[in-house]
Amino acid sequence: MTQSRFDGRRNALSAPPVQGSRALVTLHFRTMAPTSDPTAQPTPSPRPSGSPRERLQDARLYLCTDARRDRRGGLDLLDLVRAALRGGVDIVQLRDRSLDVVEELELLAALRDLTDEHGALLAVNDRADVALAAGAAVLHTGQRDLPVPVARDLVGEKALLGRSTGGGAQAAAADADPDVDYFCVGPVRSTPTKPGRAAVGLDAVRQVAAGQPTTPWFAIGGVDLQNVRQVVEAGARRVVVVRAVTEAPDPEAAARGLRTALTRALADDAGRTSAGAGQA
Ligand SMILES: Cc1ncc(COP(=O)(O)OP(=O)(O)O)c(N)n1
Ligand SMILES: Cc1ncsc1CCOP(=O)(O)O
Ligand SMILES: [Mg+2]
């Protein structure tokens, strides 16, 4: 495994400038890394390039993972993330409060190399200072974290800000806030990954979708291959997963399966209803 060391020099301010025009979006074909089957043909899937904000618009599948210090017999963090990116994950967040800042920055430096290679976005949870120091494209904060204006002041205009919501008024506030680049709605189902947080259910997803938010948003919490179609039918266009990939015996196949299921459910849903046409 190659270990990138954090050198303290790359930060969000050294990231390429945000391009304001959608016309600047270009599509290229992602290089698919070899799968476990050496005879398998690469199946190129469009990977959006362009500014982080443009890539966020096209993002469908977002992975949060801990540092996997206890690998539980599976892949270590970098191998897991590499596999997930090959499988089609668009955004990767390191979510692990047990790390000290030096450890977190070291891991983020390595993850940034991987996400950059794959044209994906790197997200930092909770800490604006760490996001800035790591040069991460995204800072994610929840309702009990830094207020959005403070987070924005700290990370600057170029960084993307994500916000957790339980749907309803929190989602409406996030959608109305020009500093929020995306928000999440959940937990859709109760989940051991967010203990003590009550499920909001698919009804909350339906309610948010009915409001036709203009800000990109994701459903999170208990989303997996079995229920992703229901989540899309409830109105979500994007999902965040933890266990569905991190606890899968084959994380690459799990990510690819979710991605394919999402794409199919989205296509079917778009054919069934025109209500989603204007959705973020
Ligand atoms: C993408 C994404 N969505 C939701 C969360 C949860 O954030 P929060 O409610 O602040 O809880 P913690 O993750 O900080 O425990 C998230 N981290 N990422
Ligand atoms: C971080 C977070 N916030 C709301 S639910 C959740 C965890 C989702 O984890 P999983 O996909 O394993 O249910
Ligand atoms: Mg948080």
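The sections below set out a description of the structure shown in this document. Position labels on residues start from 1 in each chain and follow its written sequence. Here every chain gets a letter starting at A, and every ligand a number starting at 1, in the order they are written. For this predicted model, a pLDDT threshold of at least 70 governs which residues receive local features, and a threshold of 80 or more governs which side-chain atom pairs are given and counted, while totals over whole chains, interfaces and linings are taken from all residues.

Topic: the pairing of strand β8 (residues 182-185)
To be explicit about the condition: Using C-beta atoms placed from the backbone, we call a residue buried if 20 or more other C-beta atoms fall within 10 Å of its own, exposed if 12 or fewer do, and partly exposed for counts in between. Every helix listed is a DSSP run of H or I at least four residues long, and every strand listed is a run of E at least two residues long, numbered separately from the N terminus. A pair of strands is labelled paired if DSSP reports no fewer than 2 bridges between them. Handedness of a crossover is defined as follows: with both strands directed away from the viewer, a clockwise route from the first strand across the helix to the second makes it right-handed.
A two-sided burial pattern is seen for β8, the buried positions comprising Tyr182 and Cys184 on one face and Phe183 and Val185 on the other. Judged from the 4 bridges that link them, strand β7 (residues 160-165) and β8 form a sheet pairing that is parallel. Within the sheet, the bridge partner assigned to Thr165 lies in β8 and is Val185. As a crossover connection, the stretch from β7 through helix α6 (residues 168-176) into β8 is right-handed. Pairing analysis gives 3 bridges linking β8 to strand β9 (residues 217-220), with the strands arranged parallel. Residue pairing across strands places Cys184 opposite Phe218, the latter belonging to β9. Of the crossover connections in this fold, the one passing from β8 over helix α7 (residues 201-210) to the parallel β9 is right-handed.

Let's talk about the sheet that holds strand β6 (residues 138-141)
Convention followed: Only C-alpha atoms enter the line fits that serve as axes; for helices the fit covers just the stretch in contact. Angles between N-to-C directions range over 0 to 180 degrees. The contact rule is simple: place each C-beta atom from the backbone, and if two of them lie within 7 Å, those residues are in contact.
A barrel is described by the order of its strands in space; here 8 strands give the closed sequence β3-β4-β5-β6-β7-β8-β9-β10, paired in parallel fashion. Neighbour-to-neighbour, the strand axes of the sheet open up by a mean angle of 25 degrees, direction not taken into account. Summarising the sheet, strand β3 (residues 61-65) and strand β10 (residues 239-241) pair through 3 bridges and their orientation is parallel. Residue pairing across strands places Tyr62 opposite Val240, the latter belonging to β10. Of the strands in this sheet, β3 and β10 touch helix α10 (residues 251-272), which is tilted by about 150 degrees from β3.

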